[in-house]
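# Remarks on the overall topology
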Amino acid sequence: MVGSPPHAVDLAALIAATMLPFASFLAILVATRGRPRLSAGLSIGSVTIALVCSIALLALNFQLAAPIQFSTRLIASSGLNIPFGFLLDPLNLLMIVVVSTICFLVQVYSLGYMAGDPGFSRYYAFMSLFTWAMMSLSLSASLLQLYFFWELVGLSSYLLIGFWYEKFSATQAGKKAFVMTRAGDVAFFIGFLLLFIHTGDLSIVHLNSRAALAGISPSFLTLSALLIFGGIVGKSAQFPLLTWLPDAMEGPTPVSALLHSATMVAAGVYLFARLFPFFSMSPVAMSVFLAIGTISMLLASTMALVSRDIKRVWAYSTISQLGFMIMALGAGGYFAGVFHLTTHAGFKALLFLCSGVFIHRYETNDIYELSRLGARRMLVPMVSMVLGAAALSGLPPLSGYFSKEAIMGSLSVLPDPVWLAAGLVGVFLTAYYSFRLIFILLLPGESEAPAGAPAAPAHESDESGHKFQDRVMALPLIILSAVTVILGFFATPLKHFLGASLTARGLAGTEASSWPHMAALALAVAGVSLAWIEFGRKGAKQVGFVDRIPSLYRLFSERWYIDRFYGLLVNVVVDRGISRLCYQNDKKVIDGSIDGICEGTVESGRVVAFLQTGMVQYRLLAMFAVLVLLALYFYY
Amino acid sequence: MNWTIAGPEIFYFAASLWFLLLSFAPPRKPAADRAHRREYLTAIFLASVGILVCLASIHAQGWLFIRAYSVDVFSQVFKTLLSLGLFLIVSICGHMTDIDDRRHNEFYFLLFVCTLALMLLVSADSLLSIYLSLELSSYSLYILVALRKKQSLGLEAGIKYFLIGSFASAVMLFGMALLYSSSGAAYLPAMAKVLPAMIAHPAVIIGLLFTLSGFFFKLAVFPFHFWAPDTYQGASNQVAAYIATASKVAAIAVIMRVLAFAGHGSAYLVHVLVFLSVVSMTLGNLAAIVQKDIKRLLAFSTIAHSGYVLIGILVLDPAGYSAAIFYALALLAMKFTAFMVVVELAPDGRNLQIEELAGLHKRSPIMALALLVALFSLAGIPPTIGFTGKFLIFTAAIQKGYVWLVIIAMINVVISLYYYLLVIKAAYLLEPAEALPPLVVSFPKKLLAGLSIAAIVVVGFCPYWLIQVAQAAAQPLSLWR
Amino acid sequence: MQMEPASFPFLSAILLSCVVGMLTIMLIPEEKHRLIKQVSVVFSGICLLLTLYVFFAFNRKLGGLQFVEHVSWIPSLGISYFNAVDGFSLPNILLTGIVFFTGVLTMWELNTRVKEYFALYFLMVAGVFGLFMSMDLFFIFVWYDVSLFPMYLLIAVWGTTRKEYGAMKLTLYLLAGSALILPAIILLWAKSGLDTFSFVSLMHPGLFTPEVQKFAFLLLFLGFGILAAVWPLHTWSPDGHVAAPHGVSMVHAGVLMKIGAFGILRVAIMLCPLGWIYWAKFMAVLAVIGIVYGAFVGLMQTDLKYVIGYSSVSHMGVVCLGLSTVTVAGLNGAVFQMFAHGIMTALFFSSVGYIYDRTHTKMIPELGGLSRIMPVASGFFIMAALAGMGLPGLANFWGELVVFLAALKVYPLFGVIAVLGLVVTALFMLRVVQKAFYGPANPRFAGLQDVSLWLGTPRIILAAVLLIVGLCPSLLFNVIRTASVPFMNGLLR
Amino acid sequence: MTLYGILFYLISAAVIAATAMAITRKNLVHAVVYLIISFFGTAMLFYLFGAPLLAALEVIIYAGAIMVLFLFVVMMLRAESSHESVFPPIQWLPAAFFCLIYVLVATAMSVRTPGMNVPLKMLTASPRQFAVYVFEYHWFSIEVVSILLLLALIGALNLGAGKDAGSDGEPTDYNTDPAGEPPAAAGSGQPGRRSNRHGVEDEK
Amino acid sequence: MIVPFSNVLVVAGILFALGVFCTVARRNLIMIVLGIEIMLNAASIVFVGAALHLDSLDGQTFVLFILAVAATEVSVGLAIIVYAFRRTGSFDPANFNLLR
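Okay, so let's go over this structure.

The subject of this paragraph is the pattern of salt bridges. Evaluated as defined, the whole model comprises 28 salt bridges over all chains. Between Arg274(A) and Asp89(A) there is a salt bridge, with its nearest N and O atoms 2.2 Å apart. With Arg274(A) in helix H11 (residues 264-274) and Asp89(A) in the loop between strand S2 (80-88) and helix H3 (90-113), this pair connects stretches of sequence that are 185 residues apart. Of the two residues, Arg274(A) and Asp89(A), neither departs from the other in class, the shared state being buried. The residue Glu356(B) makes a salt bridge to Arg350(B) at a minimum N-O spacing of 2.6 Å.

Glancing now at the interface of chain D and chain E. Counting from both sides, the interface comprises 99 residues of chain D and, opposite them, 73 residues of chain E. Counting the surface lost from both chain D and chain E, the interface buries some 7900 Å², and carbon and sulfur atoms represent 74% of this. Between the two partners, chain D and chain E, sit zero salt bridges. Here chain D and chain E share eight residue pairs in polar contact (both at pLDDT 80 or more) between them. Across the side of chain D that touches chain E, the residue classes break down as 59 nonpolar, 26 polar and 14 charged.

Turning our attention to the pairing of strand S3 (residues 79-85) of chain C. Residues and elements named next belong to chain C. Counting buried positions along S3 yields seven of seven residues, so the element is predominantly enclosed. Of the strand pairs in this sheet, strand S2 (residues 65-74) and S3 are connected by six bridges, and their pairing is antiparallel. Bridge assignment links Gln66 to a residue of S3, and that residue is Val85.

All names here are of chain C. Across the ten residues that make up S2, a large majority, seven, are buried. Pairing between strand S1 (residues 3-5) and S2: two bridges, direction parallel. Among the inter-strand pairings, Pro5 is bridged to a residue of S2, identified as Val68. The loop that links S2 with its antiparallel partner S3 comprises four residues; one of these, Gly78, has a positive phi angle of about 75°.

At the interface, twelve residues of chain D touch eleven residues of chain A. For the pairing of chain D and chain A, the buried interface totals around 950 Å² over both sides, and the portion due to carbon and sulfur atoms is 83%. When the residues that make up the side of chain D that touches chain A are grouped by side-chain class, the tally is ten nonpolar, one polar and one charged.

The next thing to look at is the packing of helix H6 (residues 163-192) of chain C against helix H9 (residues 236-243) of chain C. Residues and elements named next belong to chain C. At a minimum axis distance of 8 Å, the contact between H6 and H9 shows a crossing angle of 135°. In terms of their interaxial angle, H6 and H9 are classed as oblique. Both H6 and H9 take part in a crossing whose hand is left-handed. Contact with H6, carried on its side by Lys163, Tyr165, Gly166, Lys169, Leu170, Tyr173 and Leu174, involves Trp236, Asp239, Gly240 and Ala243 of H9 and no other residues of that element.

Glancing now at unusual backbone geometry. Here Phe239(A) and Pro240(A) are connected by a cis peptide whose omega angle stands at 5°. Tracing the backbone through its elements, the reader meets Pro240(A) in the loop between helix H8 (218-235) and helix H9 (244-247). Residue Pro232(C) is bonded to the preceding Trp231(C) through a cis peptide linkage, with omega at -5°. By secondary structure assignment, the location of Pro232(C) is in the loop between helix H8 (210-227) and H9. Positive phi, close to 55°, is recorded for Ala237(A), a residue that is not glycine.

As a further point, take the side chain of Ser280(B). Residues and elements named next belong to chain B. The residue Ser280 is located in helix H11 (residues 267-289) in this model. Looking at Ser280, the relative accessible area reads 0%, which means it is buried. Apart from the residues within four sequence positions on either side, Ser280 is in contact with Val221, Phe222, Ile303, Ala304 and Gly307.

Turning our eyes to something else, we now look at the sheet that holds S3(C). Residue and element names in this part refer to chain C. Taken in spatial order, the three strands make up an open sheet running S1-S2-S3, and their pairing is mixed. Every interior strand has two partners, whereas the edge strands, S1 and S3, have only one. In this sheet, adjacent strand axes meet at a mean angle of 45° when their direction is disregarded. Docked against the sheet, helix H1 (residues 10-27) engages S2 and S3, running at close to 100° with respect to S3.

Here is what the cut-offs are and how they apply
Residues numbered from 1 in each chain as written. Chains lettered and ligands numbered in written order. Predicted model: local features only at pLDDT ≥ 70, side-chain atom pairs only at ≥ 80, totals over all residues. Heavy atoms only, no water. Salt bridge = Lys/Arg side-chain N within 4 Å of Asp/Glu carboxyl O. Helix = DSSP H or I, 4+ residues; strand = E, 2+ residues; numbered from the N terminus. Buried < 20%, exposed > 50% of the residue type's maximum accessible area, 1.4 Å probe, protein only. Contact = heavy atoms within 4.5 Å. Buried area = accessible area lost by both parts, 1.4 Å probe. Polar contact = N/O pair within 3.5 Å; in protein donor to acceptor, adjacent residues only side chain to side chain. Nonpolar A, V, L, I, M, F, W, Y, C, P; charged D, E, K, R; others polar. Pairing = 2+ DSSP bridges. Axes fitted to C-alpha atoms, helices over the stretch in contact; angles between N-to-C directions. Parallel < 35°, antiparallel > 145°, perpendicular 65-115°, else oblique. Left-handed = near helix turned anticlockwise from the far one by under 90°.

From the geometry alone we can't say anything about function, so treat these as descriptive.
What follows is the structure in structure tokens.
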């Protein structure tokens, strides 16, 4: 078993970081449901400690030589020995920092955003649950443990999407999210069980070691890799399970920021990175992943081109960016993927939180509407948003630029140039749709209502509360903006940090030529320019090029009919088909035959009983006949 | 000859003579009710003394009348059962409204004579004495059935019972003639010596079959069951109870005895018995499903139970015999309890329909409980005596390899549960159309009901002692061979 | 098999507390509802404590049979009153104790024919306890029926939807099952030639010829399978669930169905292992069909209890799949799943019970948005639904995990299909939650109270158990292992 | 074939013929008389088989007492030519069929059972021998049969004296039975008024 | 020498069949009872024949008691029939069909 013994400090910090949120979850659920402030305090307090612990761990272990693993063997049943404990290596150190940071910021932000909601306590309970699950997921030492928290993360996602459960669409979205990720998880589940059956161990460190997989046939390896990747597809909303993520935007915006952009959906990518050595042992699987990442990235980008809903644009963009990460990882760019994950977490959370401010203020998601109502006048969010969008588009010197660059670098080493081309198209589209949104928001079109007459928001009256909320919400924006700006410069130390554990296997990113970087930058600028031409310049019609091609527009806005397909699948095949068939079978065939037997018994009882009535002589005859026949039987 | 071993018979003979004498006394018109009471108490007294006499002579052993009459544990156990049955039946005769007041003496006379005849039957060892005892018991029952007052049902039942009965006994007689002429023996022990060697001869086997038909008639086994539904329905409740309990017990005994002597060694005979048993239980259970009249339902259930008992007998080994003996006891307890409820619910002696049970659980919880327990016991649900009996029978059968027979029997148990549940549903679920007053149940009756319930459950749960008794009783049957 | 005689007859004490409870209740006058309920709580509480004691006092290192009580009962047939617990029965006994106690609390608001209800309820539970702890085939059968027949009245008198039909169907179905079990039991007795019904003596792999084992196993599997709601013998179960009063539904779905699975394990599998191996594939096919089929039919239901009923069919399919794998893991998972499913359905029915008592409807579309009005009561239901989906952290996850692990190993294809059934399960559970508890609140129910602490106690207990076992599965696995490992070792040898 | 053999066949043929006549007569008196002839034949058979006492008893009790009792009843109730509805052939044909099969079975049985084909020897049991035997070995049966006869006496008293018993002797009772159909032919209780309950076939 | 015993059996069998036919096919209560008497008579013939065949007096004894039983049967049977006739005015067994 690889791993050095834990330090007591590490252990304490880990336990604090993981268990405190859980404790606060339970405490809120059981005790403080009626006291929202206390609940929020508990939750934020715990996440703060988690954050501090995470940072401390990162700092303590920055020079980590080998992964640290400590676990108790959880003997679930004989034949199933699974270590249950913590694994510490650079990847998850980074991950817990990201998670706890975003969690912390979002929870603070939520103080403002969710103020006055009747489910305030519940919200924080779920948030704590999520924090716990996500932190533990990141630190899991075995696939089973990871799966355990993976599902819990899914649960908290479900609960938070459907947080406003009186809204039908919200519950619908929650259900959809859960079921679709569940579909992926089932593959994951089967995958790791198969893996377990063949290797006898689910420890991540073990799986990542070449020795563990020595005896396994390549095809089986590919199969289990693909199955496990199913979980990633579901969680990270990749093709073909990508449609739940835009719908998940029915949840409160901070939730979208936290779960559906920065952390939870990134868990898929995290899993990929987590098992990167394992996956990379199957080249076939890796190419499939690459393809899926690419397809998702392109599909989602095209969808983002036409959406009018601010959160959905960012949601599509999230899918697309996750696609980028998967592409990077699939192409072997371990660092690129993880780095993009990190930067993306920052700027996407930023984008969502900014949108949240608008939505909170103007109570609409429609970008044209927001623009009309004068969203551009809110300085902090608007600036942050532009920063975020620029980072998203990959404009230097923001964090996104560096990570995109890394991705392009890893794509460019592939023998087939198609992937690079696709990546570049993606870069262009990203820049285009980001700035389409920004320009629409910044520059209200011709047809807008007179500026300065915003529809009065509902809680204009209590100005003081409003101020507090604004300030609370602004703080995370500022922090995230700062992160977005500076994170890119930490690329090299991070690369070293992350690479430390991987260099041994010769998987560190190869040095690439520089032209793809230039091309990417150029295309990003081109995207921004096109957006400027169509939306930004004076007198622009604010109609994108896609809008002008109706069939394409419909295709994109219908999300390539993927949803339709699923709807059809569920309604026609499952509901009206199999389910009804089974139900009818139950009622008609099984119950019918049982009831038929009973009816038949009763009916024959009636007949037999009738035979017992009537004239006495018939009975005498019957007696005699039976007797004679029995006597006859003797002769046979 | 040691006369003391025939103590029970002598006692019952004397008791019946006592009632005969009483019946010659001139009727006392004014105080008819009290007279009626006096006869009842006399009967109870005599019946309970009868039990004691039977118990006292339970270890008696020997032969009377030059081996025409054998007294052994087998017969004595059955005699005790019969005396118990008589006592139980007499105990529910307190308000016998459907027998003419002035005929109560005759009624008890017939009841006691019938019991005497059944006792003779279980001890009789020659074909002739078996035949005569059977006739004696049958005739007293024909008359008892036809005695029912005001209800022409009694007459009709009497006619049918009489015709079917005498037809069956004529067939039996012819069978006995064949058996006698081919084996040359008129005594069972003598037959037991010669029959196994010649069981395959047509005359012997057909004679045996015909002979058994008379006993099957008593037990109400297909195809000799036709009288049972009509007779139960037409007879007064008490008489029906008697037919269902004591008369069945004796029939079980005599079939067992005859088969134990004569029935060995013929696969053909076993086939026939299997066939009759399967048809009996299936037919009885099926027909019972649609019955509305409780007594008629119980009649069909009796037919079904005859089928079960027959399983125990047809395995032809001590385990089966002791199981059948135990089952006879079980039948006595269960059927009596069910009929007791019927009698209590119909103080005017009418026939009870199932719907009339509605609301019973409120009107008289103890009677409802008694009915529940009795029916569950009839259905063979543990921990009741009915289950234990069935269990013993099935173990005996499976040990001999009749697995499918037992499975069929168990399926029949399921069918039977359906109609028992219908009755229970009426008693526990349905509410009567108009509110009926609570049923007044006297303390002795409550005690009786409580004891019946306790007997059914306790014996069902701790049957060991009685199983031992049954095994001891079955002992002589295998000794003779 | 190792046997540890009991220092004190704890097992009989459990049985006795049920029986004495029943008798005490019968002695109390009908009108004193409150007293009857209090007495019921006390006696069921004693039962629960005793089961807890037995559970924790069970020596996990030693394994084998413990708390053995052995009294000869009918020596001529080799029947003995032989009680003991082993790793298979211990979780079930604990389950029964918990469900029993919470079931009494759930029916706290009963007002009609209280005395009879609780008396019958105690009788039924006595049967269940007896079955789980009995080591004598005869008594297993006796207890089986004792636990069944009060059911008819309990459903038919206190039930709700189509109660008479449901009760009759259930009773006849289950009796039909016993019609197969009894001949099989006797057959084993007869073929053993040992003249004993004692489970321990009969449990030698080579005692019966393969033909006997195959035949007896089939009978026993079908017979007990009816009670375990094995497809296609399951249709009594949803109808029965729906018709029964809530407390009975809890015992019924929570415990009685386990009797079926337990019977398959204890009698069919352990006595006829060759038959087991022979029919394993057949079992697996039925189990997988049950899993998927139950989930799909559950999708169509509009009655809360029907949904739970069909989910039970699906979940019992998981148990059966575990049993069909002929592996240690499969047995472990199956027994664990029995426990988990028992607690889960009990929680389901307990929650539905509370909701139904308030709203007087179980129809999902009519409920709509109940979360707004009774967040806590709905929360319990949602928690049960989550457990039903196999969510980690709750007990069911472990059972399903281990079973599927075993199934994937032995029958990869069936395993995959069964796992896919989980998606459908999730879909219908979520649908129910969405339609019944989310969405706009129904104004009809606006004034209803949320569950109070006392009335919520049973649900809290059940939810806590789900959580505790979900977080600490080795609590059970350690126990189950003491039985499954020696058994499989003995079989393979 | 000996003389006795011829006698046996002759008598048997007569008995069977007389019985066949008896069971097919519509007039009950004729039927009873034919049966008496049949019983006389039987008595001769008994004599042939060496049971003179039984032959006598057969004549005295069977032909003499029992059949005369029949005759009395028939005449008392004036039932000698009562309208007897005849079974349709579809009902009596099966009866005949089974009886025929039975005869075949009986024949096969008699022939195929070993030991049955030994010709009977002439032997006679004198009444004294017979009586001694009966009272030595079968007096238990005599006791039983005496009770049986007593019982028959009481039974006949109680049943036949239905009218004397008062309350239950009402002839219309049968028709007013609660469970039955409405009375069809009220007042049909008069003996001799031959009507059945449906009163339809009265005039045929 | 008379005849083989089997011939006696055949004769008795025919008589028995005739008796059965009478009971089964005649719709008259009196004739039914008469038919049963014929059956008893057939049995008697077998008994007497068998007594000769076996050289044992038991068969003859049997017949003696059959006579007594037949007398009982006739007296009880006819009493019931008379009783029934007084109530219904009919001998037709088909009229007794209330019980169902």
